[in-house]
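Structure assessment
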Amino acid sequence: MTTTPHRFRKLITAALAARRNAHAPYSKFRVGAALLTKGGKVYTGANVENASYGLTICAERIAVGKAVSEGHREFQAIACVAPHARLSPCGACRQALAEFGDCIVVCADSRNIRRIRIHLLSELLPESFRLTSTRRGLSAAKKEL
């Protein structure tokens, strides 16, 4: 646990705001995400649960979908916020993010946003599935940390 680095405060704040829009009537586990593009634009998402659990969509993948649908393919960081001290994106979200290269993953406990963990996506998903052998963004993301 660490204090929130200044450069991630706005991203965490955006994820907190997005979390308010979560639709989580079954689990009551509301998640917000904010994805920062290489160009500096932020796209947010909130989890959307469904009675058919397999149709539930995570906050992180909603943020990725919004960014990609607006033409963005390179990301600097994503902030994920939920009421859990050991929060981390699920495997599907990790793989969805990895499709676009490495980035910084900031996980914050919504009950105390000073309680954060920072990782590289490549640390959370070291052997992501790829149809090509290139690992876009790895060295750039490491420099950001």
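Residues numbered from 1 in each chain as written. Predicted model: local features only at pLDDT ≥ 70, side-chain atom pairs only at ≥ 80, totals over all residues. Heavy atoms only, no water.

1. Points about the side chain of Glu49
Assignment of secondary structure puts Glu49 in the loop between strand E2 (42–46) and helix H2 (59–69). Reaching out from Glu49, the side chain makes a polar contact with the backbone nitrogen of Tyr26 at a distance of 2.9 Å. (Helix = DSSP H or I, 4+ residues; strand = E, 2+ residues; numbered from the N terminus. Polar contact = N/O pair within 3.5 Å; in protein donor to acceptor, adjacent residues only side chain to side chain.)

2. Some words on the nonpolar core
If you look at the biggest cluster of nonpolar residues, it comprises 22 residues, and the most contacted ones within it are Leu35, Ile78, Leu97, Val105 and Leu121. Secondary structure elements with two or more residues in this core: strand E1 (32–37), H2, strand E3 (75–82), helix H3 (91–98), strand E4 (104–109) and helix H4 (121–124). If you look at the next biggest cluster of nonpolar residues, it comprises 15 residues, including Leu11, Val81, Ile104 and Leu120. (Core = buried A, V, L, I, M, F, W, Y, C linked by side-chain atoms within 4.5 Å. Buried < 20%, exposed > 50% of the residue type's maximum accessible area, 1.4 Å probe, protein only.)

3. Some remarks on the pattern of salt bridges
With the rule as written, the count across this model stands at two salt bridges. Two residues, Asp109 and Arg111, come together in a salt bridge whose shortest N-O distance is 2.8 Å. Overall, Arg111 belongs to the exposed group, its relative accessible area being 55%. Here Arg115 makes a salt bridge to Asp109, at a shortest N to O gap of 3.2 Å. Judged by relative accessible area, Arg115 falls into the partly exposed class, the value being 26%. Overall, the relative accessible area of 1% leaves Asp109 in the buried class. Here the residues in one salt-bridge network are Asp109, Arg111 and Arg115, joined through shared partners. (Salt bridge = Lys/Arg side-chain N within 4 Å of Asp/Glu carboxyl O.)

4. Digging into the environment of Ala51
Relative to the helices and strands, Ala51 resides in the loop between E2 and H2. Separated by 26 residues in sequence, Ala51 and Pro25 place their C-alpha atoms 9.0 Å apart.

5. Here we look at the packing of aromatic side chains
By the definition in use, this model includes two aromatic pairs. Between the aromatic rings of Tyr26 and Tyr53, the centroid separation amounts to 6.1 Å while the plane-to-plane angle is 80°, which identifies the pairing as edge-to-face. Separated by 27 residues along the polypeptide, Tyr26 in the loop between helix H1 (6–19) and E1 and Tyr53 in the loop between E2 and H2 bring together distant segments of the chain. Its relative accessible area of 43% is what places Tyr26 among the partly exposed residues. (Phe/Tyr/Trp six-rings, centres within 6.5 Å; stacked < 30°, edge-to-face > 60°.)

6. Details of the sheet that holds E3
An order of E2-E1-E3-E4-E5 is seen for the five strands of this open sheet, with the pairing classed as mixed. Of all the strands in the sheet, the pair left with one neighbour each is E2 and strand E5 (112–120). Strand-to-strand, the axes of this sheet are offset by a mean angle of 20°, without reference to chain direction. In terms of strand pairing, E1 meets E3 through six bridges, oriented antiparallel. (Pairing = 2+ DSSP bridges. Axes fitted to C-alpha atoms, helices over the stretch in contact; angles between N-to-C directions.)

These figures come from the coordinates and say nothing about function on their own.
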